[in-house]
Amino acid sequence: MTPTVQRRRIEILVDQPLVRPILEVVRDVGVRGYTLLPTLGGHGDSGAWSDDMVSGAQQKVLFLAVMSEARAELLIDRLTPVLESHGIVLLSSAVDVVRAEKYD
Amino acid sequence: MTPTVQRRRIEILVDQPLVRPILEVVRDVGVRGYTLLPTLGGHGDSGAWSDDMVSGAQQKVLFLAVMSEARAELLIDRLTPVLESHGIVLLSSAVDVVRAEKYD
Amino acid sequence: MTPTVQRRRIEILVDQPLVRPILEVVRDVGVRGYTLLPTLGGHGDSGAWSDDMVSGAQQKVLFLAVMSEARAELLIDRLTPVLESHGIVLLSSAVDVVRAEKYD
Amino acid sequence: MEALASPVILFFILGALAAAARSDLAIPESVAKGLSLYLMTAIGLKGGVQVAAAGYSNEMLSAALAGVTLSFLLPVPAFYALRRLGRLDGVNAAAVAAHYGSVSVVTFVTGVEMLTARGLEPAGHMVAVLALMETPAIVAGLLLARRAAGVPAQRHGSLLHETVLNGSVVLLVGSFVIGLVAGKDGFAPIAPVFETAFRGALCLFLLDMGLLAARRLRETRALTPRVALLAVVLPVVNGTLGAAAGTLIGLDIGSSAALAILAGSASYIAVPAVMRMALPQADPGLYLGMSLAVTFPFNVLFGIPLYTMLAQRMAGQ
Amino acid sequence: MEALASPVILFFILGALAAAARSDLAIPESVAKGLSLYLMTAIGLKGGVQVAAAGYSNEMLSAALAGVTLSFLLPVPAFYALRRLGRLDGVNAAAVAAHYGSVSVVTFVTGVEMLTARGLEPAGHMVAVLALMETPAIVAGLLLARRAAGVPAQRHGSLLHETVLNGSVVLLVGSFVIGLVAGKDGFAPIAPVFETAFRGALCLFLLDMGLLAARRLRETRALTPRVALLAVVLPVVNGTLGAAAGTLIGLDIGSSAALAILAGSASYIAVPAVMRMALPQADPGLYLGMSLAVTFPFNVLFGIPLYTMLAQRMAGQ
Amino acid sequence: MEALASPVILFFILGALAAAARSDLAIPESVAKGLSLYLMTAIGLKGGVQVAAAGYSNEMLSAALAGVTLSFLLPVPAFYALRRLGRLDGVNAAAVAAHYGSVSVVTFVTGVEMLTARGLEPAGHMVAVLALMETPAIVAGLLLARRAAGVPAQRHGSLLHETVLNGSVVLLVGSFVIGLVAGKDGFAPIAPVFETAFRGALCLFLLDMGLLAARRLRETRALTPRVALLAVVLPVVNGTLGAAAGTLIGLDIGSSAALAILAGSASYIAVPAVMRMALPQADPGLYLGMSLAVTFPFNVLFGIPLYTMLAQRMAGQ
Ligand SMILES: Nc1ncnc2c1ncn2[C@@H]1O[C@H](COP(=O)(O)O)[C@@H](O)[C@H]1O
Ligand SMILES: Nc1ncnc2c1ncn2[C@@H]1O[C@H](COP(=O)(O)O)[C@@H](O)[C@H]1O
Ligand SMILES: Nc1ncnc2c1ncn2[C@@H]1O[C@H](COP(=O)(O)O)[C@@H](O)[C@H]1O
Ligand code: NA
Ligand code: NA
Ligand code: NA
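### Observations concerning the interface of chain D and chain F
Consideration 1: The partner chain F presents 25 residues to the 24 residues of chain D that form the contact.
Consideration 2: Between chain D and chain F, roughly 1900 Å² of surface is buried when both sides are summed, and carbon and sulfur atoms account for 79% of that area.
Consideration 3: Applying the counting rule to chain D against chain F returns 0 salt bridges.
Consideration 4: On the surface where chain D and chain F come into contact, there are 3 residue pairs in polar contact (both at pLDDT 80 or more).
Consideration 5: Looking at the side of chain D that touches chain F, the elements that each hand over two or more residues are helix H1 (7-20), helix H2 (29-54) and helix H12 (198-219) of chain D.
Consideration 6: With 6 residues, H12(D) is the largest single contributor of residues to the side of chain D that touches chain F.
Consideration 7: Of the residues contributing to the side of chain D that touches chain F, the split by class is 17 nonpolar, 4 polar and 3 charged.

### Re the confidence of the model for chain D
Consideration 1: Mean pLDDT over chain D stands at 93; residues scoring 70 or higher make up 97%.
Consideration 2: Overall fold confidence (pTM) sits at 0.94, and the ipTM for the predicted complex is 0.94.

### Quick word on the coordination of the sodium ion (ligand 5)
Residues and elements named next belong to chain E.
Consideration 1: Taken together, Tyr-100 (O), Ser-102 (O), Leu-262 (O), Ala-263 (O) and Ser-265 (O) make up the full set of protein donors to the sodium ion (ligand 5), lying 2.4 to 2.9 Å away.
Consideration 2: Within one chain, the residues serving as donors to the sodium ion (ligand 5) are arranged as Y-x1-S-x159-L-A-x1-S. Here the residue Tyr-100 occupies a position in helix H5 (residues 90-101), and Leu-262 occupies one in helix H14 (residues 253-264), the gap between them amounting to 162 residues. Accessibility assignment for this pair places Tyr-100 and Leu-262 in one class, buried.

### Digging into the site of ligand 3
Consideration 1: Near ligand 3 there are 17 residues, and of these B:Asp45, B:Ser46, B:Trp49, C:Thr35 and C:Lys102 occur at the shortest range.
Consideration 2: The environment of ligand 3 is shared, with nearby residues belonging to chains B and C.
Consideration 3: At 2.4 Å, a side-chain N or O of B:Ser46 approaches an oxygen atom of ligand 3.
Consideration 4: Protein coverage of the free-state accessible area of ligand 3, which is 480 Å², stands at 94%.
Consideration 5: Elements with a minimum of two residues in the shell around ligand 3: strand E3 (41-44) of chain B together with strand E2 (34-38) and strand E5 (60-67) of chain C.
Consideration 6: Of the residues that constitute the shell around ligand 3, the class distribution is 8 nonpolar, 6 polar and 3 charged.

### Section: the relation of the copies chain B and chain C
Consideration 1: Rotating chain B by 120° and moving it 0.0 Å along the rotation axis overlays it on chain C with an RMSD of 0.0 Å. The symmetry that links the two subunits is that of a three-fold axis. Rotation axis and chain B: the residue whose C-alpha lies nearest the axis is B:Pro38, separated from it by 4.1 Å.
Consideration 2: Looking at the interface residues of chain B, only 4% of them are also at the interface in chain C, so each copy uses its own face.

### Looking at the packing of helix H3 (residues 58-73) of chain F against helix H7 (residues 126-133) of chain F
Residues and elements named next belong to chain F.
Consideration 1: Contact geometry of H3 with H7 gives a least axis separation of 9 Å together with a crossing angle of 25°. Relative to H7, the element H3 lies roughly parallel. Remark: the crossing between H3 and H7 carries right-handed chirality. Residues Ala-63, Ala-64, Gly-67, Val-68, Leu-70 and Ser-71 of H3 lie in contact with H7, whose contacting residues are Met-126, Val-129, Leu-132 and Met-133.
Consideration 2: Of the residues belonging to the contact of H3 with H7, the class tally is 8 nonpolar, 2 polar and no charged.

### Observations concerning the interface of chain B and chain C
Consideration 1: At the interface, 25 residues of chain B touch 20 residues of chain C.
Consideration 2: For the pair chain B and chain C, the summed buried surface comes to about 2000 Å²; carbon and sulfur atoms form 55% of the total.
Consideration 3: Taken together, the links from chain B to chain C amount to 5 salt bridges.
Consideration 4: Across the pair C:Arg9 and B:Glu11 runs a salt bridge whose closest N-O atoms are separated by 2.6 Å.
Consideration 5: Scanning the region where chain B abuts chain C turns up 11 residue pairs in polar contact (both at pLDDT 80 or more).

### A short note on the relation of the copies chain D and chain F
One copy of the chain maps onto the other through a rotation about an axis plus a displacement along that axis.
Consideration 1: Rotating chain D by 120° and moving it 0.0 Å along the rotation axis overlays it on chain F with an RMSD of 0.0 Å.
Consideration 2: In this assembly the copies use different faces: only 8% of the residues contributing to the interface of chain D also contribute to that of chain F.

### Side note on H7(F)
Consideration 1: Buried residues dominate H7(F), accounting for 6 of its 8 residues.
Consideration 2: Of all the residues in H7(F), the buried ones are F:Met126, F:Val127, F:Val129, F:Leu130, F:Ala131 and F:Met133.

### Quick word on the environment of E:Val105
All names here are of chain E.
Consideration 1: Within the element layout of this structure, Val-105 appears in helix H6 (residues 105-117).
Consideration 2: Spatially, the C-alpha atoms of Val-105 and Ser-6 are 19 Å apart, while their sequence positions differ by 99 residues.
Consideration 3: Here Val-105 is in contact with Met-40, Ile-43, Leu-130, Glu-134 and Leu-172, once residues within four sequence places are set aside.

Basis of the calculations
Chains are numbered independently. Their residues run from 1 in the order of the written sequence. Numbering of ligands from 1 and lettering of chains from A proceed in the order in which they are written. Restriction of local features to residues with pLDDT of at least 70 applies here, the model being predicted, together with a cutoff of 80 or more for giving and counting side-chain atom pairs; totals for whole chains, interfaces and linings are based on all residues. Based on all heavy atoms of the structure, the side-chain values leave hydrogens and waters out of the count. The contact criterion used throughout is that any non-hydrogen atoms of two residues lie within 4.5 Å. Each of two parts loses accessible area, computed with a 1.4 Å probe, when they are put together; buried area is these two losses added. Salt bridge criterion: a side-chain nitrogen from Lys or Arg within 4 Å of a carboxyl oxygen from Asp or Glu. Distance and chemistry together define a polar contact, namely a pair of N or O atoms within 3.5 Å, with one atom able to donate a hydrogen and the other to accept it when in protein, and with adjacent residues in sequence counting only for side-chain atoms on both sides. What counts as a helix is a DSSP run of H or I of at least four residues, what counts as a strand is a run of E of at least two, and both are numbered from the N terminus. Residues are grouped as follows: nonpolar covers Ala, Val, Leu, Ile, Met, Phe, Trp, Tyr, Cys and Pro; charged covers Asp, Glu, Lys and Arg; every other residue, Gly included, is treated as polar. A residue's pLDDT is simply how confident the predictor is in it, with values from 0 to 100. A donor here means an N, O or S atom no more than 2.8 Å from the metal, or no more than 3.2 Å when the metal is Na, K or Ca. Since water is not included, a site may seem to lack partners. Partly exposed residues are those whose accessible area sits between 20% and 50% of the maximum for their type, while under 20% is buried and over 50% is exposed, using a 1.4 Å probe and protein chains only. Neighbouring residues are identified by heavy atoms, a residue being near a molecule or strand if any of them is within 4 Å of it. Accessible surface is estimated by sampling points in the Shrake-Rupley manner with a 1.4 Å probe; for residues, cover comes only from the protein chains shown. Each copy is superposed on the other by least squares, with the fit set by C-alpha atoms of residues at a pLDDT of at least 70 in both. Note on definitions: angles span 0 to 180 degrees between N-to-C directions of axes, and those axes are lines fitted to C-alpha atoms, for helices only across the stretch in contact. Each angle gets one of four labels, with under 35 degrees taken as roughly parallel, over 145 as roughly antiparallel, 65 to 115 as roughly perpendicular, and the rest as oblique. A crossing counts as left-handed when the near helix is turned anticlockwise from the far one by less than a right angle, and as right-handed when that turn is clockwise.

Encoded structure:
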């Protein structure tokens, strides 16, 4: 049985034009790797959106990164102030990985 | 350290033409926000499918919503009867969020 | 209240041309169903990639499957040797499902 | 037979062979969707422009009535054949029957190309008949499902909406009306895209259809031999009825053949999406396997020439 | 009024009606994006080729100056109107004002089609003016936001970069330069794609724009009656100022009308993306609702003929 | 040098400049994929139609043999150069060598455009040679990898399959055969799409290639100076060998130049996908960085004119 180690899985749903500034924070915090996933649409307090909007200003992207507990806390601390104003959804959950040293 | 609160992350994999009826149930149950994600293909007991099917009748969409434990139970209760007949995959897992009041 | 049972959610981020060999392992291990999700891009120790690469050689796909604890261990054991050489990210987490017998 | 040497058909065969040989050749989904929207716009426009030039005629009304009637009634014998001979349960038989009463836009388009190449171009209003035939079969199928299996008639309004305002129906009818309003002069500046480029685009689309049909055929588990056979018999029977109806109401040979092609074709775009919503218990692998993987290739390769011949014979040629 | 019978406009109306009736008709996002890149390349090339043929003239410089000035100054009155009459806060008023100072490529393209059909083709260099007018309004909007709400001027360099090297600006200017270099002879072999096919492609793109605008109108919550009214008043005022400016500096009627169309149009592609980044507190539902769901359809259906008439009247015709 | 003023090349340069300036200009992935499928279909058809018109000749056989031989043998010296001079390990050297033995469809297409503009159109069967040259280099590369690094020859059947039935090979060969069957008359109705529109579509595709190549160049970490230098030296050497082979077997100048362009080009679509599967340990950043970010732009801007000149000189002109 291959041993696994617990890490944090951070997911951030964010508008396309705001991805770059978020990635700057991510780099600052020292996250080593991440993956971006596409979305189709959604609905929230500010109304509905979908990916057919020509401008892409409201097209959302799902950021996914696995990291250590400590780094996750740092990242959440840095992003919490802008979650409301920027309309960002931030999720944190437990995940088990094999090569623990890769996700620190 | 920003305090986080535990919520339920509900994911529903469902055929495109069945998204609308599912969203009606979601609204009934009082879920405040959700996001739809695209898929490429898959395989299950009923065979394989992929997104290159012209009609879109078998194109699947991944519904994602974070909500309170209570509401998640309600939603699962409402959807369980049709999971088998409609070929739906429903997953529930724990997730931590910052703005707890937003995901109730 | 509908009773749910805990299972393992296995996610594998892998290059498009390596999906087929991975699926062979998945079938070997006896996983009954899986879903493939698209990605947009990402960044890791080996640099950045994005889906606009003409050849598709570096386009990544997110494999998602829910299965029993035992089968997940088997799958992880089989894939661990190639994670590093093939540049694969493998995540395992807890998930609750309704029709437990379907995800064994 | 010389029709099989047309590039349009050859590209379909190329796609089917590539998929059969498990090549990874694939046309991106959104490009294929874009091509199909283009084809519908183009035939809608062209039909409208032709009707604007030809003016109103009684033939239009009778062709429309014949089309609607065929679409509504053809599912009934199909349903019983699928139950008895195909051994399907009531819901699945009803769902499949709806597909065979309705029509396939691409089969129609390919048929018009073949007919035009032989100097048998159908009347422009046959495009309107095509649009009219999409929907009645769905209603018939749902009625059959309700009778046979007691499927509750839930959310009727929403279904009617889904059916009548289905994207392909709206685009076909809308483009037809625009062609009618614009007329030959208004059409001229956009003709390079919607007329000159039509056949080339059709080649690429049929390449994709060949890929999809053959992949579907390989992956489908639902196709029993009985059901696969019906996927050939139903179009032939329906096509023959279509040719007979066209001849009886006095359509010209080209239009009569077009009506036969419509009757003989089975939907694989509009109807599956509606059925997945209206009858979620029915197996999409079954109805898509039959209409897309068997009937569509059969019609493109053999059905169209057959229906054309029938229309010619019935007209006494 | 006869302009409304042009297929280009009819497809826009078809899209709007389909979305209003909640049809599921939809053009894949990537196809629509591809079409918009094509349209920008085509008008850039055409403008460049025309300028290469016409040679340099003083009119070019004055048109460019007028365009830049309008783009930079038009946000100011718009800002005050949005604050006072629209009751928006400073940041939202500034964000919206930037959209109305900047331009809509598709409105311009549609306008040029309409003008050309009437024998009033604008000068080729108006494409360069279009490109020049995209950016100054963004700078003006950000200055207004800073003054009004103390929004910190963070990451200035990066924003300037985002603005000037915005994809649509780069493609427009780049294609313009390529057209200039290639000239009529170099353009000839690619003219079938970039000239002959232009109107047909525009039809399909406007079909999509009709769908998007009407869907946006239905879903937007941010559009109060006051704000919706301003989304009609602002283009009329700006368009009138544009026509006046064009007439004053002595442009020909077609170019003057084009300048009016540019001034009256509101951006819904380039500026929203920049604003979402620069002023994330501002509500994208508001500025996209106004520019895409109200102003764009208004301009396509009524604004373009109005501005053309104004340009004609002011020129004394 | 005047070739650089062709719109086709100018769009490539525009894309490269835009990416270098970090503009967000981007062509949707599926549109680019659709364009590349279109280009392959178009050149396949055109080659087939030309061969149908010209009839069989011995030159065809010798060109085919020369192409296959070059594709199979060119990886060998490349492999040793990459190991010694490039300081790559065995697996990476073998993977890269396979790319340089194989061919780039877009480089070929661009080369044919340039040659035709100079009145040196290559023979139609060179398209078949292109298709034949895709595969042997992959086999050679895998043999080299096995010898050098003991890479196990796992799943041979599947790999051969992957290689021979690769989408682009199937589409090229299939379209070629369709062109052969259809001939000039069958091709005429689809010529507006596959011939008239070809150059315009190529412009848009090269715009995208410019963007991708320059972005790749910026992001690649694997490109050491030694390796980057080899990405220029290898095409020049291979191109020279190709021109020599073409001249020796008596091809006309245009076909000889085309063979040189094929030999000098490096694959960045088909081979990377196969290599990622067959040699997953090899670094895709390395082989894509070399072939797409260095060799492709070099060939488009300088290689093609150079190989053409070599073919002319060797023919004694
Ligand atoms: N910690 C992480 N979280 C999420 N995705 C990751 C992570 N590390 C790597 N990846 C993804 O895996 C790819 C390959 O990683 P690497 O092998 O580190 O270059 C990256 O480009 C990312 O898309
Ligand atoms: N509870 C939720 N679960 C999943 N996604 C959500 C949730 N709430 C909001 N979102 C997503 O975040 C976007 C913005 O949310 P809001 O700021 O509430 O309008 C929505 O359009 C959804 O795509
Ligand atoms: N265990 C699983 N994990 C992930 N996705 C699944 C699983 N089982 C089924 N699916 C998805 O659900 C679809 C329908 O499943 P089925 O009803 O078993 O045919 C499949 O095609 C998969 O995309
Ligand atoms: Na039918
Ligand atoms: Na403006
Ligand atoms: Na080569």
